[in-house]
Amino acid sequence: MSSPLERLSAGALDWLGGNLDYFDPFSASSRSATHGKAKAALELALLCHCAARLADPPQALAEARALVRKLWQDPDLPRLFADVPRYASTYGLIYAALAPDAIDDTQVRATLAGLDPEFLSPRGKSPYQRVEIRHYADKAGVRHTVEPYAELLPHSPLVAFRAAEPGDATSQDGAPLTQPQAYAVTHTAFYLGDFGRTAPGLGGGALAHALDLVDRLLRHCVEHDQWDLAAELVLTRFILGSEPLDTPSGAAAVECLVRAQRPDGAIPGRSAALAAHPSAPGGEFFRKAYHTTLVTALMALIVSSPRPS
């Protein structure tokens, strides 16, 4: 009998593979939908990039990998980044960092050449933003002036954020952190730990604090059926060095995701409150479901694989 993580990943990968037209910004299906075209393509590339590093990469992603290779050589893809001015530089950097091996990298090099050096500096950026830029710049082989992780770590969300206490007036629904703060915690762990490839560099009290924060957030997510954040937190727990399914909160979060997964493999939204209606048109359903389904696949693949030696 397959494990809960294996069922989650198999179902999610099956649904993602059946909806690749929506990930292709230039397909008829994608043009008819309202999701962020560039963002969806970048997220698919991240899944393929991380899955390819596993000891046993899933064959279910073969067509997704082929699509990413095609898109990364299309001059029209980086032009889409300008449609989201606030994130254009970030998208360009991520695009370069996730470029598949052995492709014609003309478009990648042109995108890197167009990055403003000021974007690659620490000036005016939060510790979280600096961690993110350093992660992708290092992966892309781009020169930058962001501080080393060891200097950023004490000020990062994993260490600096403090959970709200019960009854705190600033807490919504008893949440330990706001949603933007919670996502900053998970993404910081992803970047510091390269999505499970390396140790994030925490020890002693800092590690204990981070684990306690993740545990509190996981319990809240399970209580409120916040599926997307639950999946990210399970992966965060793994990156921090523990086995999530050996903890009550991690096991409960995985079971929460198993309950949320539809027979076709999709997780229908970021949370029960934001889930797509089963009869929603294809483009609308994809917009609400694709991110959480992809994150769930990513989490399940990484957490169920042996840790890199």
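These lines cover the structure that appears in this document, whether it is placed above or below.

Reading the values: the criteria
Residues numbered from 1 in each chain as written. Predicted model: local features only at pLDDT ≥ 70, side-chain atom pairs only at ≥ 80, totals over all residues. Heavy atoms only, no water. Helix = DSSP H or I, 4+ residues; strand = E, 2+ residues; numbered from the N terminus. Rg over C-alpha atoms; globule rule 2.2 N^0.38 Å. Contact = heavy atoms within 4.5 Å. Areas by Shrake-Rupley, 256 points an atom, 1.4 Å probe, with all protein chains shown as cover. Lys, Arg positive; Asp, Glu negative; His and termini not counted. Charge placed at Lys NZ, Arg CZ, Asp CG, Glu CD. Buried < 20%, exposed > 50% of the residue type's maximum accessible area, 1.4 Å probe, protein only. Arc of directions from axis to C-beta. Core = buried A, V, L, I, M, F, W, Y, C linked by side-chain atoms within 4.5 Å. Axes fitted to C-alpha atoms, helices over the stretch in contact; angles between N-to-C directions. Parallel < 35°, antiparallel > 145°, perpendicular 65-115°, else oblique. Left-handed = near helix turned anticlockwise from the far one by under 90°.

Moving on, we get to the overall build of the chain. If you tally the helices and strands in the chain, you get 16 helices and zero strands. Relative to the globule expectation of 19 Å for 309 residues, the C-alpha radius of gyration of the chain, 19 Å, shows essentially globular dimensions. Over its C-alpha atoms, taken along the principal directions, the chain stretches across nearly 50 × 50 × 40 Å. Of the contacts made within the chain by residues no fewer than 6 positions apart, 69% connect residues no fewer than 24 positions apart. Summed over all atoms, the accessible surface of the chain reaches about 13,900 Å², with 53% contributed by carbon and sulfur. Put simply, the chain has 28 plus and 34 minus side-chain charges, and the middle of one group is 3 Å from the middle of the other.

With that settled, the discussion passes to helix α5 (residues 62-71). Buried within α5 are the following residues: Ala64, Leu67, Val68 and Leu71. With its buried residues spanning 100 degrees around the axis, α5 presents them on a single face. Turning to α5, the residues buried within the fold contact α2 (20-23), α4 (37-52) and α6 (76-79).

To continue, consider the nonpolar core. Judged by nonpolar contacts, the single largest core of 105 residues is most densely connected at Phe23, Trp72, Leu93, Phe195, Leu235 and Met299. The element contributing the most residues to this core is helix α16 (residues 282-303), with 13 residues. Once you skip the residues sitting within four places of it in the chain, Met299 turns out to touch Leu5, Leu8, Ala231, Val234, Leu235 and Leu257.

Along the chain, Asp225 turns up in the loop between α13 (204-223) and α14 (227-239). As a C-alpha pair, Asp225 and Arg259 span 34 residues in sequence and 9.9 Å in three-dimensional space. Excluding its chain neighbours within four sequence positions, the residues that come into contact with Asp225 are Cys256, Ser271 and Ala272.

A separate point is the packing of helix α12 (residues 179-192) against α14. At a minimum axis distance of 9 Å, the contact between α12 and α14 shows a crossing angle of 40 degrees. As the angle between them shows, α12 and α14 are arranged oblique. Crossing handedness for the pair α12 and α14: left-handed. Of the residues in α14, those in contact with Ala182, Tyr183, Thr186, His187, Ala189 and Phe190 of α12 are Asp228, Leu229, Glu232, Leu233, Leu235, Thr236 and Ile239.

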